Amino acid sequence: MASWTTILLGILAIATIHYAQGLYRHLRHAQRTGLPYIVAPYPNGLVAMLIFESSWIPHLLDKVLPVWLADIIRDPLTNYRWTIKNRLHQRLGGVYLIVTPNAVICSVADAAVVSQIVNARNEFPKPVWQYRVIEFYGPNLITCEDKEWAHHRRHTASTFNERNNQLVWAETIRQTTEMLLDWKETCPSPAPNTFTVTDLSDNLTKFSLNVISGAGFGVQIPFKPAPAAPTKALDSRAIFQDTPSPPPGFTFTFRSVVAYTDIKIRSVVFANLILPRWIPRVCVPFLRLDFDAHRDLRSYLQRLIAVGAHPTTDDNDKDGLARENLIEGMLASRTKKEDAAAPEPSGKDSGLSDREIISNMHAFTLAGHETTETSLRFAFVLLALHQDVQQWMYEGIIDATRGEEADDDPAQWDYASLFPKLVTPLCVMLEIMRLYPPVVTVPKWTGSTPSHIHYSGRSILLSPDLNINLNMNGLHYSTEYWGADAEQFSPVRWDATNHDSFLARNADLPGLTAPGLEYRTVHRPVRGAYIPFSDGFRACLGKKFAQVEVVAALAVVFRLYRVRLVAGEGAVEQARRALEGSVSVVTLGMVEEVPLVFERR
Ligand code: HEM
């Protein structure tokens, strides 16, 4: 009988032959395209993730291997791809292939090729299977393709409108003001009118979840938790309050369940979507919180739909406009029917079902809070490091708010007149998303048929099932699109009144307006060179939601406070290390916390 060693060696030999064959096949394809390529001779799946994405191996790679080799090892790993910046594209050009034993990946940092790909939805669809983990409650806009995607997009796109942005504005100003008050009380400092915040990440996560709850779901949560736990059954709205313990019948509060399902997404998915139903839940007590979280979140979201379907008279804003949060917008997709009770003529798309609304709400929460949280965190640290930029942004905020009625009371600030004037904080946000894009890669693939790209004067045929990575670090750090100072944090490059900006030379080029750049107050890069919100058919729906949130928060904080690093030796180096050590788990973020001092101006 064969020993275990022989069996294991046999399996290893079969796996090696399988991978060697795969590597050879993919290498042949790469050679046929005529594109430059690199070979990463390990599978870019789970094993590679376990080996190379543990936190100490990359540091080892940095110390032991030459940069070019460490870059090749990192490139197929999404967590660390951002750290390569555009070094590989500089060496290999705007489009190259990464050959691994189980896939060929096409890395694209050529603006024209990016534009071709994002505008050819059928030739280059989204690899939606990569997003299955966010199908907690069924398919949604982010996880679908083709007709199903069109159905979701039709009924969700119109909810992201100016009335919703107005809600984002008001809710952000309220949350930021409360957050500053909370910091003043809880983070005292020996110096007068000063406080030091050491856990910016937790605070900003709470802030961004509260904004999405208020502006997305119509549930206003105070930044400071309510002092007492609820003792009896609560009405439909009060159930969402941020109390120290959950309401009766729940294991989590609304905010804590959103945070839990976000942080523990993998175990929640495993417990509720992968673990077979026939396994009794009592046999897996360590997954109890994951079961409870899935149940509680669904229950909260169902109640939100009920609240949204029956708005109260308080839900009108001061101008008499119906308050339009995202749920109300989605519910409206159904009421647009002439006769809600009448059966749909065959083929007609009749709004979103409750299940689809719940799934989309969950998707908006995931897509919309960590991205803005991480952008704000980068903004605070970079502005603390670059006091000259902070002063420039501050002066822009003061100029913009000076004309406002009640300029010293942000609660009175008018969205329609003030937001367009807040150009300096907008430039800061655009620059942060260039250098530290929250979503570092936009994945596409060629689907089941071969697809062409036109690159460098040639038409290149890419094989079916080929992965494509629209490479933001390659694009956003390219001197070709941003000039010699591409690596510098320089928000003023965006300002349309800065005629010396490298971007000013694009002014006469047609078709430059891209997602996130719909403002005449900013310069625009070449189309396809800036894609923090992606571009084309599947561009981000929440781009203006995010911009209004980040710009309003920066204006409220920096108008009153000067933010700096904690004094002391090594503070600058620590901040730079934290920025450079950012990794992309779901979104790009700093692992290390950077304490910041807020000094009243
Ligand atoms: C700084 C903030 C944000 C960034 C950088 C960002 C970035 C992106 C990117 C790159 C995509 C394309 C992903 C892909 O195709 O693989 C995307 C899609 C999407 N984003 Fe955002 N996002 C942000 C904020 C938000 C917010 C606040 C919301 C909602 C409240 C949101 C909702 C969505 C949705 C629904 C999609 C899917 C659109 C579709 O496939 O049709 N995003 N976002």
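Residues numbered from 1 in each chain as written. Predicted model: local features only at pLDDT ≥ 70, side-chain atom pairs only at ≥ 80, totals over all residues. Heavy atoms only, no water.

## With respect to the overall build of the protein chain
Looking only at helices and strands, the protein chain has 22 helices and twelve strands in total. If one aligns the C-alpha atoms of the protein chain with their principal axes, the spans along those axes are about 75 × 65 × 55 Å. Counting across all 601 residues of the protein chain, residues that qualify as buried make up 55%. Of the accessible surface of the protein chain, which amounts to about 27,200 Å², a share of 58% is contributed by carbon and sulfur atoms. A gap of 5 Å separates the mean positions of the 59 positive and 63 negative side-chain charges of the protein chain. (Helix = DSSP H or I, 4+ residues; strand = E, 2+ residues; numbered from the N terminus. Buried < 20%, exposed > 50% of the residue type's maximum accessible area, 1.4 Å probe, protein only. Areas by Shrake-Rupley, 256 points an atom, 1.4 Å probe, with all protein chains shown as cover. Lys, Arg positive; Asp, Glu negative; His and termini not counted. Charge placed at Lys NZ, Arg CZ, Asp CG, Glu CD.)

## Considerations on the UniProt feature "binding site: heme" (unreviewed entry) in the protein chain
The UniProt feature table records "binding site: heme" (unreviewed entry) at Cys540. Locating Cys540 in the fold gives a position in the loop between helix H20 (479-482) and helix H21 (543-560). Accessibility expressed as a relative area gives 31% for Cys540, which makes it partly exposed. (UniProt positions renumbered as here; feature names shortened; annotations may be inferred.)

## Focus on the pattern of salt bridges
Taken as a whole and judged by the stated rule, the model has 23 salt bridges. Across the pair Asp292 and Arg295 runs a salt bridge, and its minimum N-O distance is 3.6 Å. Pair noted here: Asp292 and Arg295 are both in helix H13 (residues 288-309), with a separation of three residues, about one helical turn. Judged by relative accessible area, Asp292 falls into the buried class, the value being 11%. (Salt bridge = Lys/Arg side-chain N within 4 Å of Asp/Glu carboxyl O.)

## Digging into the side chain of Thr33
One can find Thr33 in helix H1 (residues 4-33). Judged by its relative accessible area of 6%, Thr33 falls in the buried class. Within the local environment of Thr33, its side chain forms a polar contact with the backbone oxygen of Ala30, the two atoms lying 2.6 Å apart. (Polar contact = N/O pair within 3.5 Å; in protein donor to acceptor, adjacent residues only side chain to side chain.)

## Description of the packing of aromatic side chains
For any pair of aromatic rings, geometry is given as the distance between the ring centres together with the angle between the planes. Inspection of every chain in the model, using the stated rule, returns 25 aromatic pairs. For the pair Trp82 and Tyr436, a centre-to-centre distance of 5.4 Å together with 40° between the ring planes defines the contact as tilted. Separated by 354 residues along the polypeptide, Trp82 in the loop between helix H5 (78-81) and helix H6 (87-92) and Tyr436 in the loop between helix H18 (423-435) and strand S5 (441-445) bring together distant segments of the chain. In terms of burial, Trp82 and Tyr436 fall into one category: buried. Both rings, one in Tyr561 and one in Phe598, keep their centres 6.4 Å apart while their planes meet at 75°; by these two values the pair is edge-to-face. (Phe/Tyr/Trp six-rings, centres within 6.5 Å; stacked < 30°, edge-to-face > 60°.)

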